[in-house]
Amino acid sequence: MPQRKGRILSGLRPTGKIHLGNLEGALRQWVSLQDEYECFYEVADWHALTTAWEDPSALEQDIRDAVTDWLSVGLDPDKSVIFVQSSVPEHSELHLLLSMIVPVSWLELNPTYKDWLQEGKAPHYGLLGYPVLQAADILIYRADTVPVGKDQLPHLEMTREIARRFNRLYGNVFPEPQALLSEFPYVPGMDGRKMSKSYHNHIQLADPPQTVQQKVSQFFTDPHKLRRTDPGRPEICPVFALHKIYNGTEAQGIGEDCRIGKLGCVACKERLAGKLNEALEPIRERRARWEQRPSEVDEILAVGAAKARQEAVKTMEQVRAAMKLWSPALERTPEA
RNA sequence: GGGGCGGUAGCUCAGUUUGGUAGAGCGCGGGACUCCAAAUCCCGUGGUCGGGGGUUCAAAUCCUCCUCGCCCCGCCA
């Protein structure tokens with residue numbers, strides 16, 4: 001293995017087939033980091049349970065769909081460790097131990113938690129502890145680098161504080177993970193809000209060309225541009241935002257033509273759909289191949305889990321030693 | 001363990017007092033209008049009324065048992 005810059009842990013909750021927002025917000029960067037860093041990419045199925053606990057029955061398929069997409073966009077199991085969080089039970093042990101040193105007051109500031117309360121919903125233990133589990137995810141691999149967007153910085157700061165507190169109390173076990181800050185293009189959905197599965201405004205990588213075309217035609221546009229020849233405002237148009245991502249060479253001209261009323265929205269959308277399908281086609285082809293080999297996907301996850309677990313087990317040995325915990329012969333497993 | 005409140009459309013809820021054809025808003029689908037989309041207007045889709053049993057000509061509504069959820073109190077660790 002060549003010398004790498006450091007070790008990365010990143011993950012996504014398995015929400016099924018991934019969409020353009022996931023692709024631009026995380027996966028594209030994951031792919032590009034594979035050669036420079038030692039990468040651990042996690043399917044955070046326990047995190048998904050914080051909202052899907054009532055009916056987890058779809059999780060299994062969602063995990064398969066997500067990983068199939070990950071592989072289709074170029075995550076390479078020979079370069080990166082691709083695994084499912086719950087396949088590495090050591091995460092839960094570290095989470096438990098960390099939960100002892102995390103004041104509840106830190107967690108009550110979490111915006112997600114506060115929103116939950118605001119909506120009058122009954123919060124549960126797991127939701128409150130979400131940031132602790134995130135910290136465990138990162139620290140258990142002794143990752144020193146975490147790729148994040150600006151909005152995710154506070155979450156990483158929590159992990160750093162937890163690591164500092166642990167290291168001060170018990171000894172220096174964890175590197176304090178650094179943010180690998182990067183600018184992600186804003187990916188709007190069909191209604192102009194941020195693309196998200198929960199808004200139902202998303203375009204999936206697995207969508208067939210006709211579906212992509214249809215969804216693009218349903219995109220929100222500048223409401224001032226009522227007629228084809230009316231001047232539009234590309235800066236507020238989600239279709240233009242996507243042109244900038246997927247039609248880099250023509251985007252500027254399209255923006256100008258829109259602004260002077262030379263280009264109508266129908267034509268503009270048709271051109272975008274074409275570019276989008278051009279970009280998605282190779283992904284779709286690879287996806288079709290992976291779909292025919294589900295057992296290979298399972299095998300990749302099994303190998304990934306074994307590699308991940310190897311590191312996690314090592315970390316937990318250090319953690320138990322640092323905390324001077326009772327340490328029986330854990331290797332002795334019950335007779336089958 | 002005790003008590004209070006609640007479960008009605010995909011979502012938020014009204015309707016229960018006084019039994020009489022199950023509603024509204026939002027969402028969703030279609031249409032009109034628009035180069036699309038949005039907005040607006042029109043039309044439509046919407047339900048084991050948590051479950052069983054009972055009273056009654058008739059029960060979302062009254063009685064009863066059960067179940068689930070939230071809150072408060074008590075007890076134990």
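This text goes with the structure placed above it.
As the structure is a computational prediction, the values presented were derived from the model and not from experiment.

*Asks:* It is not clear to me how the packing of aromatic side chains should be interpreted in this structure. Could you clarify?
*Replies:* Where two aromatic rings form a pair, the distance of their centres and the angle of their planes describe that pair. Throughout the structure, instances matching the rule amount to 7 aromatic pairs. Three or more aromatic residues joined by ring pairs form one cluster here, namely Trp 30, Tyr 41 and Trp 70. Taking NZ or CZ as reference, Lys 121 lies 4.3 Å from the ring centre of Trp 116, over its face. Seen from the ring of Trp 290, Arg 293 lies directly overhead, with NZ or CZ sitting 5.0 Å from the centre.

*Asks:* Please explain the pattern of salt bridges as it appears in this structure.
*Replies:* Two side chains that carry opposite charge are able to pair once their charged atoms sit near each other. Within this structure, the stated rule accounts for 25 salt bridges. Where Arg 287 meets Glu 291, a salt bridge forms, and the shortest distance between an N and an O atom there is 2.5 Å. With Arg 287 and Glu 291 both in helix H13 (residues 265-291) and 4 residues apart, the pair spans about one turn of that helix. Judged by relative accessible area, which is 46%, Glu 291 ranks as partly exposed. Put simply, Arg 7, Glu 38, Arg 142, Glu 311 and Lys 314 are held in one network by salt bridges that share partners.

*Asks:* I would appreciate a short explanation of helix H14 (residues 294-323) in the present structure.
*Replies:* Counting along an α-helix, one turn takes 3.6 residues, and residues three or four places apart therefore face a common direction. If you check H14, its first and last C-alpha atoms are 42 Å apart, about what 30 residues at 1.5 Å a residue would give, namely 44 Å. Taken from the residues just after H14, Lys 324 is the one with a positive phi, measuring 55 degrees.

*Asks:* I'm lost on the layout of surface pockets in this one. Help?
*Replies:* With a probe scaled to a water molecule rolled over the atoms, the places where space remains empty come into view. In this structure, the second largest pocket encloses a volume near 350 Å³. Looking at the second largest pocket, it is lined by 16 residues, and the ones nearest its centre are His 95, Tyr 125, Gly 126, Gly 129 and Tyr 130. Looking at the lining of the second largest pocket, the elements with two or more residues in it are helix H2 (45-52), helix H4 (90-99), helix H5 (104-107), helix H7 (125-128) and helix H8 (130-139). A per-element tally of the lining of the second largest pocket places H4 first, with 4 residues. Partitioned by chemical class, the residues of the lining of the second largest pocket number 10 nonpolar, 6 polar and no charged.

Cut-off values and rules
- Residue numbers restart at each chain and count upward from 1, following the sequence in its written direction.
- Both sets of labels track the order of writing: A upward for chains, 1 upward for ligands.
- Local features are withheld for residues below a pLDDT of 70 in this predicted model, meaning they are given only at 70 or higher, and side-chain atom pairs are given and counted only at 80 or more; totals for whole chains, interfaces and linings count all residues.
- Excluded from the side-chain calculations are hydrogens and water; all other atoms, namely the structure's heavy atoms, are used.
- Any two rings among Phe, Tyr and Trp, with Trp reduced to its six-membered ring, count as a pair given centres within 6.5 Å; such a pair is stacked if its planes are under 30 degrees apart, edge-to-face if over 60, and tilted if neither.
- Over a ring means this: the NZ of a Lys or the CZ of an Arg is within 6 Å of the ring centre and within 35 degrees of the ring normal.
- Within this document, salt bridges are pairs made up of a side-chain nitrogen of Lys or Arg and a carboxyl oxygen of Asp or Glu, the two lying within 4 Å of each other.
- By the criteria applied, helices consist of DSSP H or I runs no shorter than four residues and strands consist of E runs no shorter than two, each listed in order from the N terminus.
- Partly exposed residues are those whose accessible area sits between 20% and 50% of the maximum for their type, while under 20% is buried and over 50% is exposed, using a 1.4 Å probe and protein chains only.
- Multiplying one less than the number of residues by 1.5 Å gives the expected span of a helix.
- Definitions used for this entry: grid spacing 1 Å over protein atoms alone; cavity, a set of points where a 1.4 Å probe fits but cannot get out; pocket, an open set with protein on both sides within 12 Å along at least 5 of 7 lines; lining residue, one with an atom within 4 Å of a point.
- Grid points are joined across faces, edges and corners, and a volume is the space filled by probe spheres set on the points.
- Any residue outside Ala, Val, Leu, Ile, Met, Phe, Trp, Tyr, Cys, Pro, Asp, Glu, Lys and Arg is labelled polar, Gly included; the first ten of those are nonpolar and the last four are charged.

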